[in-house]
Every structure is written in C-alpha cells, then in structure tokens.
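Each chain, written out:
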Protein chains: 2
Amino acid sequence: MTRTKKVPPVAIRRISLYARQLALLDLNNITIVSSTELAEACNVNSAQIRKDFAYFGEFGIRGTGYYVKDLLSELRKALGLHKQWRLVLVGAGHLGTALAGYLVSLNQGYIFVKAFDRDPEKIGRYMGSIPIFSVENLEQETKRIKADIGIIATNDGTAQECANSLIRGGVRGILNFTPVKLKPSDDIQIEQVDFSIRLDSLCYKLS
Amino acid sequence: MTRTKKVPPVAIRRISLYARQLALLDLNNITIVSSTELAEACNVNSAQIRKDFAYFGEFGIRGTGYYVKDLLSELRKALGLHKQWRLVLVGAGHLGTALAGYLVSLNQGYIFVKAFDRDPEKIGRYMGSIPIFSVENLEQETKRIKADIGIIATNDGTAQECANSLIRGGVRGILNFTPVKLKPSDDIQIEQVDFSIRLDSLCYKLS
C-alpha cells in the first residue's frame, strides 16, 4: 500500500474509523467483510469506502469482500499505526484518566509511558498501570523516555507551558484537549480537540 | 447581526473561539480590543477575523477596534448562545465529570439539568450540583425537563440505545463523545468528538 496522492484529513479520519471497526470484527473472529457490511457498520456508503481505499491502492476480492486481518494491517500501515507510539499524558484528572483508559483499551499501538500532574496527592501514584510524575520533571522525563507524542489534559490554564516543556523534551506531536490555543511550532504537529467549540457548533445548527 | 450567507462550519468554530476569548477579556474588565490583539490571542490572522465577522454583518470602530461586550453579545447571538440550552449528560464517569465541570465553568448559557448513569453507586448522588439519575429513566426524564441537547459520555458501548432514548425524549441535538458512530436521525443534529480518530490523524501526519 503506497501513498499515491495527497489524502484529505477527512478521509484519514474515515480510514481510522474503518480500522477501528475492522479491529472489532477481528476480535469477534470474523475473517471476511463486504464493503456494504463495513459501510453499514461505519454509517458511510460503500462507494465512499472504495474511494477512500483508492488513496492507498487496490485491495479486496471481487465478489467476496475484504480479508479483515489483511485490510486492518494495511490500513494501520497507512495510518502509521504499525509502529508503537510512546505517549505521555499531562494532567491526571478526570479527563486524563478517561482518555488514558479509553486509548489504552483500544490496544492500537499506543503506549502511555508516563503521566504528569501538579497535585502532590497524585504524584507517585498510578493511573491503572501508568505512573504519575511531577509536572516539574516533564521536560527531562519526556526526553529520557523518548516520548513521541504528548497529550495535554490539564485544567489549570498551563497548557502552553506544558506544550513548551513537551517540545523541549523532544515530542513530535501534541494532542491538546484544553481550550488553550497553542502557538504553532516548527516541526511539531498539533491537534486540538475543543469540547466547547463542538457544543457551540451544535447550538448554531439548532438555532 | 443577520446571517447573510451560508457560513462554513470551520468559520463557526472560529467564531466560537473568538467568543470565548472575548468572554475572557470581559472577565478581566477589558472594554476595547483591536482585531490584531484578538487575532493574536486566537492564533489566527486579523484578515481572517474580519472575513469571519463579515458573514454576520459589519461592526467594529475604524481605527479603534471592537467593544468587547457588544461584540461578545453579537457573536453569542450569531451562535445561538443568547438563549439557554438545557443539557442532559449520559455517563457520570471520569469523562462525563470532566466535561460537565468544564462546560459549566464556561458560564456560557449551558445548563446541565441532569446526569444519568447505570451504576447504582452513583444514582441518587450529585456531580457538583447536577443530580445523577438511573439511565433507565432517561427517556421520560429528558421529556419531563424538556432537555434540548444530550451529551453521551458512556463507556459501555450503549451509546446508540442512549441516543434512541434521548431522541424519543425530545432532544434536538446530541454531542457524542463515544467511539460509537450513531445512526443519523431526522431532525436531530449529531456531533461526534472521537478521541482516537484525532490521535490516529496526528500519527498519520507524523508518519
């Protein structure tokens, strides 16, 4: 599967959705899926699925469908999920706990190596199997464990400082769950998930 | 401020961001802001801000800037946030707790009326000031309190059943924080915030 042309972000998001659905099928020992079945499970139409796959090459068996394991493996490769990504989490509150629990449960090549918090009550404890360190050591610990990605889920307005420490610590990407709009930085990819903006958008549509 | 043409979703998201930034300025008793200052705080360029505002009409004082309170009020009207939105939350775990805490803290016209959970340990208790009810009563309670929007933050794969109850209960919009892709439904607006897809997208960019 080689990348043949520029893939729009929205297609990447659908590919991620297909991959998650295929992982579910695989978990249930389903070996073959038709594009119609996959489309239905993902609430898209099957023409869309074929179009999205075409960005990465040809696969599927005419009249039969797709081999679940093979397709999953190809899509993961396409997304860059065939390698393991080392994550650090900043903010071990409710949001951080929910995110880490969910992302670990996906079993998708993401490894949460360490969590960081400001609260002395939390430092030295564990979230599941993830040890919690002081946010004061964020830069040097990020560097030491060679983290790829930092997830920011703080609730105290310190997201930019945390991002600065993560960047100095050598991460290549940041997923920001706080409302703080982080300053762009060279060679760092930043994605922001902004809850209130999504709720505002919903209200706009309803108005 | 009248809607003059179709506003693209991405402009709506920026308007929401500007409104949040203006609310912060207002909170700090700042009365006038230039488009350059607002642009800097939001990490966009000022031409973009003027373009986004133009969807809704003309305002600002040439050479001076914008009156913070007036502009905030206009943008809130544009987003439909001048009315109060009654929200119910399904799922009172870590994620639901984080979301409710954050959205309430914005003080933006959102009222969390009730939360629902399956866990008997949680039912009858409160999340902050929000009472937690049994999810079995979701449909009738949603109807009774005339909720506008349901937020789904469950972690047990029951998102579609919850959505069905919310829709029968009369909500007009659903904000779905679970990975379950909800079936579209007539007259219901659904927005999904999918964490793992955003993380996958980030990894794709880094690959």
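First, a word on what this report is: a plain description of the structure on this page.

Topic: unusual backbone geometry
For Asp-187 of chain A, which is not glycine, the phi dihedral falls at a positive 65°. Note on placement: Asp-187 of chain A falls in the loop between strand 8 (173-176) and strand 9 (189-192). One non-glycine residue, Asn-29 of chain B, adopts positive backbone phi at about 60°. In this structure, Asn-29 of chain B sits in the loop between helix 1 (9-27) and strand 1 (32-33).

Considerations on the packing of aromatic side chains
Residue and element names in this part refer to chain B. As enumerated under the stated definition, the model contains 13 aromatic pairs over all chains in all. Ring geometry for Phe-53 versus Tyr-66: centroids 5.3 Å apart, planes at 85°, classification edge-to-face. Of this pair, Phe-53 sits in helix 3 (residues 46-54) while Tyr-66 sits in strand 2 (residues 66-67), and the two are 13 residues apart along the sequence. We note that Phe-53, like Tyr-66, is buried. Centre to centre, the rings of Phe-116 and Phe-133 are 6.1 Å apart; their planes meet at 45°, and the pair counts as tilted. Here Phe-116, found in strand 4 (residues 110-117), pairs with Phe-133, found in strand 6 (residues 130-134); they are 17 residues apart in sequence, far enough to count as distant. Given a relative accessible area of 0%, Phe-116 falls into the buried group. Overall, Phe-133 belongs to the partly exposed group, its relative accessible area being 25%.

Details of a nonpolar patch on the surface
Taken together, Ile-32, Ile-61 and Tyr-67 of chain A make up a surface patch of nonpolar side chains, about 250 Å² in accessible area. In this fold, Ile-32 of chain A is placed in strand 1 (residues 32-33).

Cut-offs and rules
Residue numbers here run from 1 along each chain, matching the order of that chain's written sequence. A letter from A marks each chain and a number from 1 marks each ligand, given out in the order of writing. In keeping with the model being predicted, local features are shown solely for residues with a pLDDT of at least 70 and side-chain atom pairs are shown and tallied solely at 80 or more, while totals for entire chains, interfaces and linings include all residues. Each side-chain value is derived from all of the structure's non-hydrogen atoms; neither hydrogens nor water enter the calculation. Helix and strand assignments follow DSSP, with helices taken as H or I runs no shorter than four residues and strands as E runs no shorter than two, numbered in order from the N terminus. Pairing of aromatic side chains requires ring centres within 6.5 Å, counting the rings of Phe and Tyr and the six-membered ring of Trp. Pairs whose planes differ by under 30 degrees are stacked, by over 60 edge-to-face, and all others tilted. Any residue under 20% of the maximum accessible area for its type is buried, any over 50% is exposed, and the rest in between are partly exposed; the area is computed with a 1.4 Å probe on protein chains only. Patch membership requires over 30% relative accessible area and the absence of a salt bridge. Like charges are linked within 9 Å, and nonpolar side chains (Val, Leu, Ile, Met, Phe, Trp, Tyr) within 5 Å. Note on areas: these come from Shrake-Rupley sampling with a 1.4 Å probe, and a residue is covered only by the protein chains present in the view. A pair is scored as a salt bridge if a Lys or Arg side-chain nitrogen falls within 4 Å of a carboxyl oxygen belonging to Asp or Glu.

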